[in-house]
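Here are the chains, one letter per residue:
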Amino acid sequence: MGNNLSVPIKGVINKLSLRDIDIKEKRLFIRADFNVPIDENLNITDDRRIRSTLPTINYAVDEGAKVILASHLGRPKGSTDKRYSLGSAAKRLQRLIKKEVLFLPDCIGPKVEDAVSKMAEGDIILLENLRFHEEETKNSEEFSKSRAKLADYYVNDAFGATHRVHASIVGIPKFLPSVAGFLLLKEIEYLKGAVDNPVRPFVSILGGAKVSGKIGVLENIKSKVDKVIVGGGMAYTFLKAMGYVVGDSLVEEDMLDFAHNIMKKLISNGIKFYLPVDCIIAQSCDHGAETKIVPVQEIPEGWRALDIGPASVKLFTVALSNAKTILWNGPMGVFEIDAFSRGTFAIAHAVADAYALTIVGGGDTDLAVNRAGVSESVSFISTGGGAALELLEGKNLPGLVALTDKK
Ligand code: AMP
């Protein structure tokens, strides 16, 4: 177990939340994010997103509300496709919550209205995938209005979809008093709270494939962090911008100027900026490829850097040692392949052992932290990839804006 400080920052948003309303006997339309990974036999391979919504569902049931759950799953493109059915999510939820969950085979129509009209206090219904109707992603006003008629209140607990301008995210709240669920609140408190008001020193670790995917985050944190650590594929664009020869490593030529300028800005703001000093190289990104550890100045032509090396792990670990807030987004290497996973896993352990508020930005990093076996030892792992990035970029999430303001 790590020594993380696990207290989020409260009062980050001025929106009503589930605790602010009286929900006894009321019908709640809860937009959840049950967009879970499913294998070819329709088995859920990771149910964290369902588990993360349990505090909201349990609270609503305990308070005597009628719970109407809705979600999307995958990208079925506006028509019914069994591969994207929420049936498996309904079964998993029922097992987790130890209570009957009535799964309806559609999200609109007379059968849905009939089932909702028969609900008693504490009953739970899960509607079929919202995206089986193109009106959902097109943010149709009619679709939103008719879904709103099912309920007395709208609750957003779907952080992972809150950056989408879809009917169930921004459309329904136009027609109902709308509040934040507990997962949504927690995500905002950790992600926004950490960036806007960090306990210092605040260290941000960025990695993943491309600089272009992290421009907004770098721009937003450039005046807020104390240290920035860059690893992963994106490091080699920075190294090339500094004049290094990086062999066949991933480089975004059109990002060289950006990389050069942001480094200059960070350093002139007094922010410490760390890049790898050594790396694991190979001629191809395959299982079983021959690998070498070399300093970053010595990457030969025909070889590419696919992980940070042991000296970089040491350098980054020392840089993290006095941090009080750590925000991590993006792996240090191609961690999906064993030979290039050590750097990412070592940093996962360093983050987990830090005496700090430790926040993992979701997406691939979430998987990496899981595979490193330390997910229980970080303070918070976001359930949203795109939504987390947008929040870290300082953008307003449309689904959050749509909720009812606190008076
Ligand atoms: P992103 O979605 O931008 O966070 O990128 C995540 C992906 O970056 C992962 O799938 C990694 O395999 C990949 N990645 C990390 N390091 C490297 C690297 N040195 N070269 C190429 N790809 C990398």
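Worth saying up front: this structure is predicted, and the values here are computed from it rather than measured. (Residues numbered from 1 in each chain as written. Predicted model: local features only at pLDDT ≥ 70, side-chain atom pairs only at ≥ 80, totals over all residues. Heavy atoms only, no water.)

### Considerations on the domain arrangement of the protein chain
This is how it is decided: Source of the domain bounds: an automatic or database domain assignment. Here, residues are in contact when the closest pair of their heavy atoms is within 4.5 Å. Each reported salt bridge corresponds to a side-chain nitrogen of Lys or Arg within 4 Å of a carboxyl oxygen of Asp or Glu. Each polar contact in these results corresponds to two N or O atoms within 3.5 Å; when the atoms are within protein, one needs to be able to donate a hydrogen and the other to accept it, and residues that are neighboring in sequence are counted only if both atoms are side-chain atoms. Each residue receives one of three labels: charged for Asp, Glu, Lys and Arg, nonpolar for Ala, Val, Leu, Ile, Met, Phe, Trp, Tyr, Cys and Pro, and polar for the others, Gly being one of them.
As assigned here, the protein chain comprises domain 1 (18–180) and domain 2 (191–392). Computed from C-alpha atoms alone, the centre-to-centre distance between domain 1 and domain 2 is 35 Å. With seven residues of domain 1 at the interface, the matching set in domain 2 holds 12 residues. Counting across the interface, domain 1 meets domain 2 through one salt bridge. Counting every contact that joins domain 1 to domain 2 gives four residue pairs in polar contact (both at pLDDT 80 or more). Broken down by class, the residue content of the side of domain 1 that touches domain 2 amounts to one nonpolar, three polar and three charged.

### A word on the site of the ligand
Let me state the cut-off plainly: We define proximity as follows: a residue is near a molecule or strand when any one of its heavy atoms falls within 4 Å of that partner.
Taken together, 13 residues sit near the ligand, with Ala209, Ala305, Gly333, Glu336 and Asp364 positioned nearest. One of the backbone nitrogen or oxygen atoms of Gly233 is found 3.1 Å away from a nitrogen atom of the ligand. Interatomic distance of 3.0 Å between a backbone N/O atom of Ala305 and a nitrogen atom of the ligand. Residue composition of the shell around the ligand, grouped by class: five nonpolar, four polar and four charged.

### Quick look at the packing of aromatic side chains
Let me state the cut-off plainly: Here is the rule: rings of Phe, Tyr and Trp (six-membered ring for Trp) pair when centre to centre is within 6.5 Å. Planes less than 30 degrees apart are stacked, more than 60 are edge-to-face, and the remainder are tilted. Numbering goes from the N terminus for both helices and strands, where a helix is a DSSP run of H or I of at least four residues and a strand is a run of E of at least two. Using a 1.4 Å probe on the protein chains alone, a residue whose accessible area is under 20% of its type maximum counts as buried, one over 50% counts as exposed, and one in between counts as partly exposed. Only Lys NZ and Arg CZ are tested; either one counts as a charge over a ring when it is within 6 Å of the ring centre and within 35 degrees of the ring normal.
Across all of its chains, the model carries four aromatic pairs by this definition. Pairing Phe238 with Phe273 gives two aromatic rings, centres 5.4 Å apart and planes at 50°, and the pair type is tilted. Within this pair, whereas Phe238 is found in helix H9 (residues 235–241), its partner Phe273 is found in strand E9 (residues 272–274), the two being separated by 35 residues in sequence. Phe273 matches Phe238 in its accessibility class, with the two residues each being buried. The positively charged end of Arg147 is found above the aromatic ring belonging to Phe143, 6.0 Å away from the centroid.

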